[in-house]
Structures are given as structure tokens and as C-alpha cells.
Amino acid sequence: MKALFRSNADTDRNQLQHRLIRQTASVLLTYPDDRLPDRLAGVRSLLDHVGGQPRRLLDSTVDALTGADPFTLQADYVDTFDLHRGATMYLTYWTDGDTRNRGTAMHAFAQTYRQAGAPAPATEAPDHLTVVLEFAATVDPAAGERLLREHRIALDILRGALNERASVYAPTVEAVCLTLPPVTDQDQRRAQRLAAAGPPAEAIGLQPFTLTVPPRRDGAGNPVQREGADDGRR
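Residues numbered from 1 in each chain as written. Predicted model: local features only at pLDDT ≥ 70, side-chain atom pairs only at ≥ 80, totals over all residues. Heavy atoms only, no water.

The name recorded for the protein in an unreviewed UniProt entry is Respiratory nitrate reductase chaperone NarJ, from Nocardia ignorata.

Quick look at the structure:
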């Protein structure tokens, strides 16, 4: 029984670590406004309870943000996350793109929040990584982890894009990925294909032409062109 109790204790400890890592990451990935110094002070308190590689990764981002010029940080944040498609933090972008399905996918995030007793965010899209991380850390860890696992490919694309830019935020996303199961080779290949080809897309506008009135046919069963119709010849 002692081994069982020890196993349960280890599981609880890991879950607490994951929640602390996700809460810290949510704060560090937020736009660096005037409240950044206060947020960093809170992050340092959280990191006192985080160990191992995640601690080192998160410390790297904290050190890069501490004391940096606010305007430089803000410009870099916008350039990184808003002006480069590959580094978007909207998790449904890579799975649903600019399609009708994306609205449904975002509604599923909001529905998950409501089912856990939390209102949908008023100032940010429900699929934004910072929102999902805060939800997973402070509201419903199990439901939050499910959302992160379901959109692991988007996280891997984001991690790759930030690493390519040598972004100060890359270690933080790496720490988040360490709270999830390792990716499979299949997931890795899919992430690489999506990053290269881009997200799904659809043409929104005219619907494809479909023939709803059966064509007239002659006695031999051949279609008969309707009077006045253009047969396409010039």
C-alpha cells in the first residue's frame, strides 16, 4: 500500500507542477503592458514552487523580460504574435483556418468554459493560448489539459516558429509542451506539413453549381438543349 500511496502523491505533485507551469506561462505570454513588472513579481513567487527543466525554461523568459525597454518589448510582441502567421496563439487557426468550421471550434472552447462554471472571456478569443492556459491552471485542469492535447499540433507549430525567431517566448512555450505527453512521429509530420502549407482554407462566396432540374431528353435518351440556351460554341 505504501507504493500505491507514493504513486498517488507523485501524481498529485506532477499535476500541481503542471498547473503552476501553465499559470506562469499564461502570464508570461500576455501582452507586456504597464503592469508587466507587477506580473513578473507574481511569476517569481510561482516559480519558487517549480523545479527542473520547466523552471529553467521559464526563468529564461523572465530574465529576458525583466528590465527590458517597455516599448521594445511591446513592438517585439506585436511583431512576433500578430504579424507572423506561424506564431499565432489562436489554437484553432492551424486546425480550422479561415473556414466556417473555425467558428464552431471556438464555440466548443467557450462551451467548455461555461460547463466548468467560468464565463467565456470578454476581451480575448476563447481559443487564445493564454486563455486556455489560465483555464487549465485555475478552473478545470482536466478539461484544460484536454483542450491543450487536442490542439497539440498548433502548439508544436508555435514552438517551432518561436524557436526559428530565437524569441524570448520560445522557452515558455517549450515549458508548456513539457506538461503534455510526447508528440508522436505522425503528429510531428503533420505539424511540419501544416507549417509549410498553411491552415485549411475555403472559398467563401458563390456556392458550387448544381443542376437541380433534370435535362430534357429525346426519344433515344440523349439530352436535348433547351430553346435559347447557349451550347458554349462560338
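## Regarding the overall build of the protein
Of regular secondary structure, the protein possesses 11 helices and 2 strands. Going from N to C terminus, the protein has its helices and strands arranged as α-α-α-α-α-α-α-α-α-α-α-β-β. Of all 234 residues assigned to the protein, the portion counted as buried reaches 38%. When contacts within the protein are restricted to residue pairs at least 6 apart in sequence, long-range pairs at least 24 apart make up 64% of them. With the model as given, the accessible surface of the protein reaches about 14000 Å², and the carbon-plus-sulfur share is 52%. (Helix = DSSP H or I, 4+ residues; strand = E, 2+ residues; numbered from the N terminus. Buried < 20%, exposed > 50% of the residue type's maximum accessible area, 1.4 Å probe, protein only. Contact = heavy atoms within 4.5 Å. Areas by Shrake-Rupley, 256 points an atom, 1.4 Å probe, with all protein chains shown as cover.)

## Comments concerning helix α7 (residues 129–138)
Summarising burial for α7: 8 of the 10 residues are buried, a large majority. Residues of α7 that are buried: L129, T130, V131, V132, L133, F135, A136 and A137.

## A word on the packing of aromatic side chains
Across all of its chains, the model carries 6 aromatic pairs by this definition. Ring geometry for Y31 and Y77: centres 5.5 Å apart, planes at 85 degrees, overall edge-to-face. Remark: Y77 occurs in helix α4 (residues 70–82) and Y31 occurs in the loop between α1 (2–28) and α2 (36–47); sequence separation between them is 46 residues. A network of ring pairs unites the aromatic residues Y31, Y77, F81 and Y169 as a single cluster. (Phe/Tyr/Trp six-rings, centres within 6.5 Å; stacked < 30°, edge-to-face > 60°.)

## Details of the side chain of Q23
By secondary structure assignment, the location of Q23 is in helix α1. The exposure class of Q23 is buried, given its relative accessible area of 19%. Aside from chain neighbours lying at most four places away, what touches Q23 is L46, E134, A137 and T138.

## Observations concerning the side chain of T24
Along the chain, T24 falls in helix α1. Contacts of T24, omitting those with residues within four sequence positions, involve V43, L46, L47 and L58.

## Quick look at the packing of helix α6 (residues 100–115) against helix α8 (residues 141–150)
Viewed as axis vectors pointing N to C, α6 and α8 meet at an angle of 170 degrees, and their least axial separation amounts to 10 Å. Our classification of the angle between α6 and α8 gives roughly antiparallel. On α8, the residues that touch F109, T112 and Y113 of α6 are A143, R146 and L147. Class assignment of the residues belonging to the contact of α6 with α8 gives a composition of 4 nonpolar, 1 polar and 1 charged. (Axes fitted to C-alpha atoms, helices over the stretch in contact; angles between N-to-C directions. Parallel < 35°, antiparallel > 145°, perpendicular 65-115°, else oblique. Nonpolar A, V, L, I, M, F, W, Y, C, P; charged D, E, K, R; others polar.)

## Brief notes about the environment of G51
Mapped onto the elements of the fold, G51 is located in the loop between α2 and α3 (52–65). In the structure, G51 is positioned 30 residues away from I21 in sequence and 9.7 Å away in space, judged by C-alpha atoms.

## Overview of the confidence of the model for the protein
A residue-level look at the protein finds 79% of positions with pLDDT of 70 or above and a mean pLDDT of 83. Considering each helix and strand of the protein separately, the mean pLDDT is smallest for strand β1 (residues 216–217), with a value of 47, and largest for helix α10 (residues 170–177), with 98. Under a pLDDT of 50 for its full length, residues 203–217 has, in the predicted model, 13 contacts with residues more than four places off or in other chains. Here residues 226–234 is a poorly scored stretch, pLDDT under 50, and it has 6 contacts once near neighbours within four places are set aside; other chains count. (pLDDT = per-residue confidence, 0-100.)

## Some remarks on the packing of α7 against α8
The interhelical angle for the contact between α7 and α8, taken along N-to-C directions, is 145 degrees, at an axis separation of 7 Å. Contact residues: L129, V132, L133, F135 and A136 in α7; P141, A143, G144, E145, L147 and L148 in α8. Split into classes, the residues belonging to the contact of α7 with α8 amount to 9 nonpolar, 1 polar and 1 charged.

## Side note on the nonpolar core
If you look at the biggest cluster of nonpolar residues, it comprises 50 residues, and the most contacted ones within it are L29, F81, L129, L148, L158 and L162. For this core, the element with the highest residue contribution is helix α9 (residues 152–164), accounting for 7 residues. Sequence-distant contacts of L162, that is, excluding residues within four places in its chain, are made with T80, F81, A87, S167, Y169, A170 and V173. (Core = buried A, V, L, I, M, F, W, Y, C linked by side-chain atoms within 4.5 Å.)

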